[in-house]
Amino acid sequence: QSEYRSIMFWTVVAVAGTAVQAYGQIYQGEAMKAYYDAQAMMKEFEGKVEGTKAKEQGNVALANLNATLATAVARAGSGGAGFEGYLTTLTTSMRRAGGEELKLTQLNEKFIKGMSVFEALQLRQAGKVAKKTGYLNAFATMAMQGASMQQQGMFEKKPKTKTPG
């Protein structure tokens, strides 16, 4: 009887230990998912910040272009010159260069925001995988413990013995 109780006690301890280990694996998977979700939110935020910076650079480029064009027009007007010839070529060239710089900053803004969304999606996917892995590891731990206990004969019925007397 005492040997049977000792075996039952250690069986219960083994099952409880396995359950705690499985819970830890699930908890770790959930924690990793939360971590990756937080990282994804940070990437999205960084993308918005960097995109706003790129947009601001475009606004500065446009303001510089307008100031340069205004200066060229004012100088031409004060000198009595019209927009023919050199001034027309100069302003056209400046508008083209300024427009290209503005377009480049707009493309940068879109690229930065798009990359941050892409990175955030990757991080969220990694979180989903980490969560699933935690559950799968927990299941595997429980299954392996069950198989080990089965091999040790823990699930066999104890033969009933009659006590003499």
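Notes on the structure follow. A quick note: this is a predicted structure, and the numbers were derived from the prediction, not measured. (Residues numbered from 1 in each chain as written. Predicted model: local features only at pLDDT ≥ 70, side-chain atom pairs only at ≥ 80, totals over all residues. Heavy atoms only, no water.)

Some words on the overall build of the chain
- When helices and strands are tallied, the chain shows two helices and zero strands.
- Within the span of the chain, comprising 165 residues, buried residues form 19% of the whole.
- Considering only contacts within the chain whose residues lie at least 6 apart along the sequence, 89% involve residues at least 24 apart.
- Carbon and sulfur atoms make up 62% of the accessible area of the chain, which totals about 12300 Å². (Helix = DSSP H or I, 4+ residues; strand = E, 2+ residues; numbered from the N terminus. Buried < 20%, exposed > 50% of the residue type's maximum accessible area, 1.4 Å probe, protein only. Contact = heavy atoms within 4.5 Å. Areas by Shrake-Rupley, 256 points an atom, 1.4 Å probe, with all protein chains shown as cover.)

With respect to the packing of aromatic side chains
- A full pass over the atoms with the stated rule returns two aromatic pairs.
- When the ring of Y35 is compared with that of Y36, the centres are 5.4 Å apart and the planes differ by 65 degrees; the resulting orientation is edge-to-face.
- Overall, Y36 belongs to the partly exposed group, its relative accessible area being 22%. (Phe/Tyr/Trp six-rings, centres within 6.5 Å; stacked < 30°, edge-to-face > 60°.)

Overview of the pattern of salt bridges
- This structure, assessed with the given rule, holds seven salt bridges.
- Put simply, E30 and K131 hold a salt bridge, and the shortest N to O gap is 3.9 Å. Residue E30 is found in helix α1 (residues 2-78), and its partner K131 is found in helix α2 (residues 86-151); the two are separated by 101 residues along the sequence.
- According to the relative accessible area criterion, E30 is partly exposed, its value standing at 29%.
- Classification of K131 as partly exposed rests on a relative accessible area of 29%. (Salt bridge = Lys/Arg side-chain N within 4 Å of Asp/Glu carboxyl O.)

Comments concerning the environment of Y35
- Among the structural elements, Y35 can be located in helix α1.
- Taking C-alpha positions, Y35 is 9.3 Å from R124, a pair spaced 89 residues apart along the chain.

Examining the side chain of Q25
- With respect to the helices, strands and loops of the structure, Q25 is situated in helix α1.
- Here the side chain of Q25 touches A138 through a polar contact of 3.2 Å, landing on its backbone nitrogen.
- With residues near it in sequence (within four places) discarded, Q25 still touches G134, N137, A138 and T141. (Polar contact = N/O pair within 3.5 Å; in protein donor to acceptor, adjacent residues only side chain to side chain.)

Describing the environment of A61
- By the secondary structure assignment, A61 is in helix α1.
- Under the relative-accessibility criterion, A61 is labelled buried at 6%.
- Along the sequence, A61 and G99 sit 38 residues apart, while their C-alpha atoms lie 8.6 Å from each other.

Thoughts on the side chain of T18
- Examined against the element boundaries, T18 turns out to sit in helix α1.
- Judged by its relative accessible area of 6%, T18 falls in the buried class.
- Non-local contacts of T18, meaning those with residues more than four positions away in its chain, are made with T141, M142 and Q145.

Some thoughts on the environment of D37
- As for its placement among the helices and strands, D37 is situated in helix α1.
- In this structure, the C-alpha to C-alpha distance between D37 and A126, residues 89 residues apart in sequence, is 8.9 Å.
- A distance of 2.8 Å separates the side chain of D37 from the side chain of K33, its partner in a polar contact.

Focus on a nonpolar patch on the surface
- The grouping of F9, W10 and V13 at the surface amounts to a nonpolar patch, some 330 Å² of accessible area in total.
- Here V13 shows up in helix α1. (Patch = residues over 30% accessible without salt bridge, like charges linked within 9 Å, V, L, I, M, F, W, Y side chains within 5 Å.)

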